[in-house]
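Fold and geometry: a report
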Amino acid sequence: MADLSFIANRLELWPIRRLKPFARNPRIHDPEQVMRIAGSMVEFGFIMPMLIDGQGNIIAGHGRLLAAEQLGLNEVPVVIVEHLTATQRQAYIIADNQLTLSSRWDDPLLADLIHELNSKNFDLELLGFPAAQLEEIMAPLDDEDEPGSANEKDGAEDEVPEPPTQPVSRPGDLWLLGEHRLLCGDSADAACVARVMNGEAASLLFTSPPYGQQREYTTGGIGDWDKLMRGVFANLPMTPEGQVLVNLGLIHRDCEWQPYWAGWLEWMRSQGWRRFGLYCWDQGPGLPGDWGGRFSPSFEPCLSG
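1. Brief notes about the nonpolar core
Residues Trp-225, Phe-233, Leu-248, Tyr-260, Trp-261 and Trp-264 are the most contacted members of the largest nonpolar core, which totals 20 residues. Where this core is concerned, the elements lending two or more residues are helix H7 (225-233), strand E8 (238-247) and helix H8 (262-270). Apart from the residues within four sequence positions on either side, Trp-261 is in contact with Trp-225, Leu-248, Gly-249, Leu-250 and Pro-301.

2. Some words on the packing of H7 against H8
At their nearest, the axes of H7 and H8 sit 9 Å apart, and the two run at 30° to each other. One finds that H7 runs roughly parallel with respect to H8. Read as a crossing pair, H7 and H8 show a hand that is right-handed. Contacts between H7 and H8 involve Trp-225, Asp-226, Met-229, Arg-230 and Phe-233 from the first element and Gly-263, Trp-264, Trp-267 and Met-268 from the second. Looking at side-chain class alone, the contact of H7 with H8 contains six nonpolar, one polar and two charged residues.

3. Describing the environment of Met-41
Residue position: Met-41 is located in helix H1 (residues 31-44). On a C-alpha basis, the gap between Met-41 and Ala-68 in space is 8.4 Å, while along the polypeptide they are 27 residues apart. Here Met-41 is in contact with Phe-46, Arg-64, Ala-67, Ala-68 and Leu-71, once residues within four sequence places are set aside.

4. Looking at the sheet that holds strand E7 (residues 202-207)
Strand order in the open sheet formed by four strands is E7-E8-E12-E11, with mixed pairing between adjacent strands. Edge strands, defined here as strands with exactly one partner in the open sheet, are E7 and strand E11 (277-282). Direction aside, neighbouring strands of the sheet carry axes that sit 20° apart on average. Where E8 lies against strand E12 (residues 299-304), three bridges are found, and the strand directions are antiparallel. Bridging across to E12, Val-246 finds its partner in Leu-303.

5. Overview of the confidence of the model for the chain
Overall, the prediction assigns the chain a mean pLDDT of 81, with 84% of residues at 70 or greater. Low pLDDT, under 50, characterises residues 141-153; the stretch is placed with 15 contacts to residues that sit more than four places away or in other chains.

6. Quick look at the pattern of salt bridges
Tallying each qualifying case throughout the model produces four salt bridges. Notably, a salt bridge pairs Glu-32 with Arg-36, separated by 2.6 Å at the nearest N-O pair. Placement of the pair is Glu-32 and Arg-36 together in helix H1, with a separation of four residues, close to one helical turn.

Analysis parameters
Residues numbered from 1 in each chain as written. Predicted model: local features only at pLDDT ≥ 70, side-chain atom pairs only at ≥ 80, totals over all residues. Heavy atoms only, no water. Core = buried A, V, L, I, M, F, W, Y, C linked by side-chain atoms within 4.5 Å. Buried < 20%, exposed > 50% of the residue type's maximum accessible area, 1.4 Å probe, protein only. Helix = DSSP H or I, 4+ residues; strand = E, 2+ residues; numbered from the N terminus. Contact = heavy atoms within 4.5 Å. Axes fitted to C-alpha atoms, helices over the stretch in contact; angles between N-to-C directions. Parallel < 35°, antiparallel > 145°, perpendicular 65-115°, else oblique. Left-handed = near helix turned anticlockwise from the far one by under 90°. Nonpolar A, V, L, I, M, F, W, Y, C, P; charged D, E, K, R; others polar. Pairing = 2+ DSSP bridges. pLDDT = per-residue confidence, 0-100. Salt bridge = Lys/Arg side-chain N within 4 Å of Asp/Glu carboxyl O.

If you want it as structure tokens, here you go:
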């Protein structure tokens, strides 16, 4: 057993060429993991030095050495460990890897921390989790076994389940879907729009905003529709020849449809937009409406600017 009272290992910078990997190292470092380690070094720096003996034989840090070589580093930080016997060095090579595997994550706390990092636009790939595992961590907890859940009720197949305790996506989460980017945020917030666009400008925008003040949202409804629309369209990162298509449904008051978009359209013209076209979204044959069997509108206008 080592006497912890006198161990004082030295931290030095050594050229990579002096380091000697353990030929019988049982730990496998595949190219994807080495790439993740290299990415971590670029983001955080070479924080964890390698462990070597006085002759340069690597005790711990084979993956870090491969990553350093991938990054083209000439020197790496090392801690020289001289108090171990040859048998202890061989044993520690195994123990250093296995001891970390015997711990486990607090899943809800881990998910909270990762969601928080995602809301701050941190590259989650640098955390080292494979994409599938990362998606599983950020997914909601399984509520199926909670008392009163739908699965406990007989014949409840058609019932709408309760929302999960932990939603899959939270404000600030940015999802990368191949070449597509999806942000859980406020489209009237310039910072949110800039983040989801990632420095790019759009040539086409198609949006279906709330239709006036006719909807009761959980936030209390739309108090000022013009203000909402100005907030969104003031922050559009569009190319000079960009086109917007805005789908707006009809609102009727006192049996008369209301041109509630008139003020917003004038504001758009004052911002340099021009009313290029007016299209119709055909919604099929009209059906009897609410006023004495009259046909309800079977289309919605789509404004182009």
